[in-house]
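# Residue-level structure breakdown
Next come the chains, spelled out residue by residue.
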Amino acid sequence: MKIGILNECFLNEKHLSRLKALGEVVIFENTKSEDEAIKRLKGVDIAIIDGFICPPTAKVLEGTDKLKLIVLPHTGYFMIDMEAAKKKAIKVANAPGFSKQAVAELVIGLMFAVNRKIPLMDRDMRKNPFDSDPSNVEQQNRYWGFDIKGKAMGVLGLGRIGSTVATLALGLGMKVIANNRSPKTMEDVEMVSKEEVLKRADVISINVTSGSDTEKFISKKELDLMKPTAILINVDQSKQVDTEAIYQALKEKRIAGAGLDQVAGLTKDHPMLKLDNVVFTPHAGSSTNESFRENLPELVVSAIEQFIKGSPKNLVN
């Protein structure tokens, strides 16, 4: 059994030892091109490939000779040519939920940052340090927020991340209402329609599965259903929120604010960057030691171990 690691995926010595117990392990420097991948996959039975750095395209897959399994050190698998994988009888496994806690915690962090105007206050303080003046109404209004306890958290998509968001929100004393495209229940969570979540929630977290069918999952139609005091949080794929629609809603204050971990088409001169009621992060929801140094390598290695044992897990095809 030959296992090829085409890209660094945070494997530590403990996990590498487990792989070496399964067969020959070959480790390459980051593989970035199709030609490099084809050359390095010769004779490899199982490969760990970062699909964001070197997508397993049809050309790459068709150039393999022994490959039986690709393990992706991430959750998304849209970059793989599944039809080509099927033709070559190559199985594909991903790493679902490796960062669910980290991403859910970023949802809560963005909620507080947007609601309590933390980045705005930080910017103002850096310009000219001051103490808040209770007699200055304009200043007070600039930093106005609301108590989180007792408010409604609306979760759109009650999967691994969404259910973790719900648990954290419940721990903060929030009410949780949710919608999932397939039937699902969760203790202390009221399941309602997508429209009801949009109408009733004070904070809305988007946690639906990424795909072409969820592009512009939130557009003007959905934003118009939200309360003017509500906050929208998106730590999922950027295309799930219509950029122009969210910009107009924020600019016109039809919603109170937004926390966005990705924004489709956001450029350095985009007018949304000048708005004070939105907080941006650079797709950093999974950026924790636990996600990448513990959970991810464990999922990658265990997927290979289980595949060799004949009881594969986390397959996406």
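This section reports on the structure supplied with the text. (Residues numbered from 1 in each chain as written. Predicted model: local features only at pLDDT ≥ 70, side-chain atom pairs only at ≥ 80, totals over all residues. Heavy atoms only, no water.)

### Topic: the overall build of the protein chain
Scanning the protein chain from N- to C-terminus turns up 12 helices and 12 strands. Along the first, second and third principal axes, the C-alpha set of the protein chain runs to 75 × 45 × 35 Å. Split into buried and exposed, the 317 residues of the protein chain put 47% on the buried side. Between the averaged position of the 44 positive side-chain charges in the protein chain and that of its 41 negative side-chain charges there is a distance of 2 Å. (Helix = DSSP H or I, 4+ residues; strand = E, 2+ residues; numbered from the N terminus. Buried < 20%, exposed > 50% of the residue type's maximum accessible area, 1.4 Å probe, protein only. Lys, Arg positive; Asp, Glu negative; His and termini not counted. Charge placed at Lys NZ, Arg CZ, Asp CG, Glu CD.)

### A short note on the packing of aromatic side chains
Summed over all chains, the structure comprises four aromatic pairs. Each ring, one from Phe-52 and one from Phe-78, has its centre 5.9 Å from the other, and the planes form 75 degrees; the classification is edge-to-face. Taken together, the positions of Phe-52 in the loop between strand S3 (46-48) and helix H3 (58-62) and Phe-78 in the loop between strand S4 (69-71) and helix H4 (82-87) put the pair 26 residues apart, joining distant regions of the chain. Assessed through its relative accessible area of 61%, Phe-78 is described here as exposed. Ring geometry for Phe-130 and Tyr-143: centres 6.4 Å apart, planes at 20 degrees, overall stacked. Pair noted here: Phe-130 is in the loop between helix H6 (118-127) and helix H7 (137-142) and Tyr-143 is in the loop between H7 and strand S6 (152-156), with a separation of 13 residues, a long-range link. (Phe/Tyr/Trp six-rings, centres within 6.5 Å; stacked < 30°, edge-to-face > 60°.)

### Points about the environment of Ser-238
Structurally, Ser-238 can be placed in the loop between strand S10 (231-234) and helix H11 (243-251). Judged by relative accessible area, which is 13%, Ser-238 ranks as buried. Taking the C-alpha atoms as reference points, Ser-238 and Gly-265, separated by 27 residues in sequence, lie 8.8 Å from one another. Beyond its immediate stretch of four places on either side in the chain, Ser-238 contacts Gln-262, Val-263 and Ala-264. (Contact = heavy atoms within 4.5 Å.)

### Considerations on the sheet that holds strand S9 (residues 203-206)
Strand pairs in the sheet, formed through backbone hydrogen bonds, run parallel or antiparallel to each other. As summarised here, the arrangement of the seven strands in space is S8-S7-S6-S9-S10-S11-S12, forming an open sheet in which the pairing is parallel. The open sheet has two edge strands with one neighbour each: strand S8 (189-191) and strand S12 (278-280). Recorded for the sheet is a direction-independent mean angle of 20 degrees between the axes of neighbouring strands. Pairing between S10 and strand S11 (residues 257-260): four bridges, direction parallel. Each bridged residue has a counterpart across the sheet, and for Ile-231 the counterpart in S11 is Gly-257. The strands touched by helix H5 (residues 100-115) are S6, S9, S10, S11 and S12; relative to S10, the strand with the most contacts, the crossing angle is about 145 degrees. (Pairing = 2+ DSSP bridges. Axes fitted to C-alpha atoms, helices over the stretch in contact; angles between N-to-C directions.)

### Looking at the sheet that holds S3
Strand order in the open sheet made by the five strands is S2-S1-S3-S4-S5, with parallel pairing throughout. Edge positions in the sheet fall to strand S2 (24-27) and strand S5 (91-93), since each of these pairs with one other strand and no more. Averaged over all neighbouring strand pairs, the angle between strand axes comes to 15 degrees, with direction disregarded. Here S4 pairs with S5 via three bridges, running parallel. Within the sheet, the bridge partner assigned to Val-71 lies in S5 and is Ala-93.

### Re the environment of Glu-190
Tracing the backbone shows Glu-190 in strand S8. Assessed through its relative accessible area of 39%, Glu-190 is described here as partly exposed. Distance from Glu-190 to Lys-175, taken between C-alpha atoms, is 8.6 Å for residues 15 residues apart in sequence. A polar contact is formed between the side chain of Glu-190 and the side chain of Arg-200, at a distance of 3.0 Å. (Polar contact = N/O pair within 3.5 Å; in protein donor to acceptor, adjacent residues only side chain to side chain.)

### Looking at the environment of Arg-293
Mapped onto the elements of the fold, Arg-293 is located in helix H12 (residues 289-309). Between the C-alpha atom of Arg-293 and that of Cys-9, which follows or precedes it by 284 residues, the distance is 9.0 Å. What Arg-293 contacts, discounting residues up to four positions off in sequence, is Glu-8, Phe-10 and Asn-12.

### A word on the packing of H5 against helix H8 (residues 160-171)
Two packed helices can be described by the angle between their axes and the distance between those axes. Their axes nearest at 8 Å, the elements H5 and H8 cross at an angle of 50 degrees. Between H5 and H8, the crossing angle belongs to the class labelled oblique. Of the two elements, H5 crosses H8, and the hand of that crossing is right-handed. Residue-level contacts link Lys-100, Gln-101, Val-103, Ala-104, Glu-105, Val-107 and Ile-108 of H5 to Arg-160, Ile-161, Thr-164, Val-165, Leu-168 and Ala-169 of H8. Looking at the contact of H5 with H8, its residues break down into eight nonpolar, two polar and three charged. (Parallel < 35°, antiparallel > 145°, perpendicular 65-115°, else oblique. Left-handed = near helix turned anticlockwise from the far one by under 90°. Nonpolar A, V, L, I, M, F, W, Y, C, P; charged D, E, K, R; others polar.)

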